[in-house]
Amino acid sequence: AQSVTQLDSHVSVSEGTPVLLRCNYSSSYSPSLFWYVQHPNKGLQLLLKYTSAATLVKGINGFEAEFKKSETSFHLTKPSAHMSDAAEYFCVVSEGNDYKLSFGAGTTVTVRA
Amino acid sequence: DTGVSQNPRHKITKRGQNVTFRCDPISEHNRLYWYRQTLGQGPEFLTYFQNEAQLEKSRLLSDRFSAERPKGSFSTLEIQRTEQGDSAMYLCASSPTGGGTEAFFGQGTRLTVV
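### Section: the pairing of strand 6 (residues 44–50) of chain A
All names here are of chain A. Within strand 6, 5 of the 7 residues are buried, which leaves the element mostly enclosed by the surrounding structure. Pairing analysis gives 6 bridges linking strand 5 (residues 31–38) to strand 6, with the strands arranged antiparallel. Residue pairing for strand 6: Val37 is matched across the bridge by Gln45. Here strand 5 folds back onto strand 6 in antiparallel fashion, the turn holding 5 residues, of which Asn41 has a positive phi close to 65°.

### So, the sheet that holds strand 1 (residues 5–7) of chain B
Residue and element names in this part refer to chain B. Taken together, the 4 strands give an open sheet; going across it, the order is 1-3-8-7, and neighbouring strands pair in antiparallel fashion. Each edge of the sheet is formed by a strand with only one pairing partner; in this case those strands are strand 1 and strand 7 (65–68). Sheet twist, expressed as the average angle between the axes of neighbouring strands with direction ignored, equals 15°. The pairing of strand 3 (residues 19–24) with strand 8 (residues 75–79) spans 5 bridges and is antiparallel. Bridge pairing in strand 8 links Arg22 to Thr76.

### Notes on the state of the cysteines
Residues and elements named next belong to chain A. Within this structure, the stated rule accounts for 2 disulfides over all chains. Here Cys23 is linked by a disulfide to Cys91, with a sulfur-sulfur distance of 2.0 Å. Sign of the S-S torsion, about -70° for the bond between Cys23 and Cys91, identifies this disulfide as left-handed. With Cys23 in strand 4 (residues 23–26) and Cys91 in strand 10 (residues 87–95), the pair connects residues that are 68 residues apart, well separated along the chain. The class for Cys23 is buried, based on a relative accessible area of 0%.

Conventions adopted
Residues numbered from 1 in each chain as written. Chains lettered and ligands numbered in written order. Predicted model: local features only at pLDDT ≥ 70, side-chain atom pairs only at ≥ 80, totals over all residues. Heavy atoms only, no water. Buried < 20%, exposed > 50% of the residue type's maximum accessible area, 1.4 Å probe, protein only. Helix = DSSP H or I, 4+ residues; strand = E, 2+ residues; numbered from the N terminus. Pairing = 2+ DSSP bridges. Axes fitted to C-alpha atoms, helices over the stretch in contact; angles between N-to-C directions. Disulfide = S-S within 2.5 Å.

Laid out in structure tokens, this is it:
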């Protein structure tokens, strides 16, 4: 069975400082991993995805994530936070050809001016 | 706008009433999913369609819930005899293929049962 654990329920950063959102996954097969962002009153938007190609994945809005199989991790980073990054972030896994997405509980990011 | 569309955006209903939500996926996507998201949690899988066939239902989907996708286009999710525990955001998503392809989500229907 597939699952993800987001290690921080809330992260607060100052504008212009780095952001790190931590995610560990559990999967019996080759996983596909995603990060989605959810802004208030908006739909879930895909930030980036890993599907067994390069382990360092670049996404939209300056975000990137690194797949580390030995650590079963898929942490999300951004070098410099912007006020518009304040949102809920979800780490998501799917297994092999499984169409179901399994979401983590989410990390709320607040950005201080 | 060619994204996933859900209606209504908000629904308030009295306990015991029936409600129906609609999802219009991206037109060329043959896969459609329903998820439920409660406050402070990530979305949970409810059911999945490939074209008009409902291929899987989560055990979260009790007998009071039914979903359809006639002709493989739009989908409806009906909840009969609503309970307060049904209060949640109901999300619809679609994708062109399975297995590692991202799903595109609608903005959701927020259900409040009073």
